[in-house]
Amino acid sequence: MADASSRYVPNRTPCGRTRREFLWEVGGGFAGLALIDLLARDGFFEQQARAGETAGAAPYLLAPKNPHFPAKAKHAVFLFMNGAPSHVDTFDYKPALTKFNGSPYKGDTSVGSNGRPIGNLMQTPFKFRKHGQSGLEISSLFPHISRFADDLCVIKSLYTDTAAHASGCLQMNTGVVQIGKPSLGAWLSYGLGTINDSLPSFVVMTDPRGGPIGSASNWSGGFMPAAYQGTLFRSQGVPLLDLATPPGISNRTQRDSLDLLARLNHEHLQSRPGDSELAARIQSYELAYRMQTTAAEVVDLNREDGKTKEMYGLNDKRTADFGRKCLITRRLLEKGVRFIQLYSGGGHLEETWDGHSDCIGNHKLHAGETDQPIAALMTDLKRNGLLDETLLIWGGEFGRTPTSEGVGKPGRDHNPHGFSMWLAGAGVKGGQAIGATDEIGFRAVQDRCHVSDFHATILHLMGLDHTKLTYLFQGLKQRLTGVRGNVVDRVLA
């Protein structure tokens, strides 16, 4: 038997471990990295920060949260037709307008906004046909969307509280006509959190002709932490300005710089625990770092084949912009973005759906820009199964009058008293129309649906009870729907 001095002594690394011990501990470390990521996604660090165990850290405000009840919809896309499309020319066929075409309006509903001239009743120049097994009536303006008639739930009895674009857009987006309240997308981000860690939870893409009147207040976080507000994406080139890494800066250098900045910001935040803007800014640096790769990939449509680009209308100047936005929307949904809002029409008057001088030509233009891309998005979402978990919303801030704006003129004025919007996708019972306006399409008269009812229904489809989704501000439990709102049960599948 060999003496003790001749026994084998393993070679040890500079850290004092054998090679086997070193490899075993490194392997455990890699597993720990995965565990840390999973815990972070579950809001672990948010809980720790609240408990004070990670002193100075900003809580992860977008940690995933469970809905109030099970729901099919995990994402939502709001196709916002800025400027207010005419319901009687799109989804609300009124034969009586043909019968009384050219006759003066004799009802008691207020006509004319901002002193605009009042004309006579005007029939639609667009042919309506019944589509699908449901026989849903849709205007000839939408030959592509009409193929999905059995997926659409058209609410024909919406009404709102204002006839002005700025306040109308605000009410459709935030529930109220005043600036300063959180938008629908912000409420969804607050109520459900995010399901991706490399892109914003809430993305907005506007029209190249301009944004809606009211601008960023339409996708604001309002009195909520700024982390919940929408992030404005560009549909061409770099999605966000100043996102790319500066030339000559390595990934290691950038990472070290961000770590140092985070430590300094956290120290600063300790003396300002209620500063949501600062907490959101801290988190935005990390998100921007992860987005440098992911966001650029999402808007890089060179990865798509020619057939897909043709389907979305990218080869046609008329449909190219909205087609790009719809295709990017599909890619954002695939990456797990919670809420996406696309604007058709920007700036003012005829550059939007605001057809005062020529509603006929206006709607031909804007429907022509959006019909094919929206149908392509629906086709893609159906094909890859995402429509089963995505809610689609289409509409504008209000409707338009059944009268012309001036005698013998082809324009239509604003109409907040009755208009149409449609829903499709996850949790929606398609192939139906709900509610009705009067025989000429002026006022909602059957199953009237206020904007707050519409919002309550959207939240319900996303698994949220609008009466329980509250945020304490100024001593009140604030809601998207305020003190009103009822779910439209007939919408639900």
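Heads up: the structure comes first, above all this text.
What you are looking at is a predicted structure, and each value in this text was computed from that prediction instead of being measured.

Enquirer: Please clarify how the overall build of the chain should be interpreted in this entry.
Expert: In terms of regular secondary structure, the chain is built from 11 helices and 17 strands. Looking at the chain as a whole, 52% of its 493 residues qualify as buried. Residue pairs at least 24 apart in sequence account for 77% of intrachain contacts in the chain once pairs closer than 6 positions are excluded. Entry remark: accessible area of the chain is about 22400 Å², with carbon and sulfur atoms responsible for 52%.

Enquirer: Help me understand the side chain of T403 in this model?
Expert: Within the fold, T403 resides in the loop between strand 9 (399-400) and strand 10 (414-415). Other than its neighbours up to four places away in sequence, T403 contacts Y105, V111, G119, N120, L121, M122, G411, R412 and F442.

Enquirer: Would you explain the environment of G222 in this entry?
Expert: Structurally, the position occupied by G222 is in the loop between strand 5 (202-205) and strand 6 (231-232). Apart from the residues within four sequence positions on either side, G222 is in contact with G180, K181 and P182.

Enquirer: Before we go on, may I ask you to explain the packing of helix 9 (residues 317-334) against helix 10 (residues 359-383) in this structure?
Expert: How two helices pack is summed up by the angle between their axes together with the distance between the axes. Axis separation between helix 9 and helix 10 bottoms out at 8 Å; the angle between their running directions is 25 degrees. When the interaxial angle is binned, helix 9 and helix 10 end up roughly parallel. Considering the relative orientation of helix 9 and helix 10, their crossing is right-handed. On helix 10, the residues touching R318, T319, F322, G323, C326, T329, R330 and L333 of helix 9 are G368, E369, T370, Q372, P373, I374, L377, D380 and L381. Residues that form the contact of helix 9 with helix 10 fall into these classes: seven nonpolar, six polar and four charged.

Enquirer: Is there a simple way to explain empty space enclosed by the protein in this structure?
Expert: Any empty space left between atoms is shown by rolling a water-sized probe over those atoms. The final tally for this structure, using the stated rule, is three cavities of 30 Å³ or more. Approximately 60 Å³ is the volume attributed to the largest cavity. In this structure, the largest cavity is lined by N82, G83, H165, C169, I213, G347, H348, L349, T352, D354 and E397. For the lining of the largest cavity, a count of residues per class yields three nonpolar, six polar and two charged.

What counts as what
Residues numbered from 1 in each chain as written. Predicted model: local features only at pLDDT ≥ 70, side-chain atom pairs only at ≥ 80, totals over all residues. Heavy atoms only, no water. Helix = DSSP H or I, 4+ residues; strand = E, 2+ residues; numbered from the N terminus. Buried < 20%, exposed > 50% of the residue type's maximum accessible area, 1.4 Å probe, protein only. Contact = heavy atoms within 4.5 Å. Areas by Shrake-Rupley, 256 points an atom, 1.4 Å probe, with all protein chains shown as cover. Axes fitted to C-alpha atoms, helices over the stretch in contact; angles between N-to-C directions. Parallel < 35°, antiparallel > 145°, perpendicular 65-115°, else oblique. Left-handed = near helix turned anticlockwise from the far one by under 90°. Nonpolar A, V, L, I, M, F, W, Y, C, P; charged D, E, K, R; others polar. 1 Å grid on protein atoms, 1.4 Å probe; cavity = no way out; pocket = protein on both sides within 12 Å on 5 of 7 lines; lining within 4 Å. Points joined across faces, edges and corners; volume = space filled by probe spheres on them.

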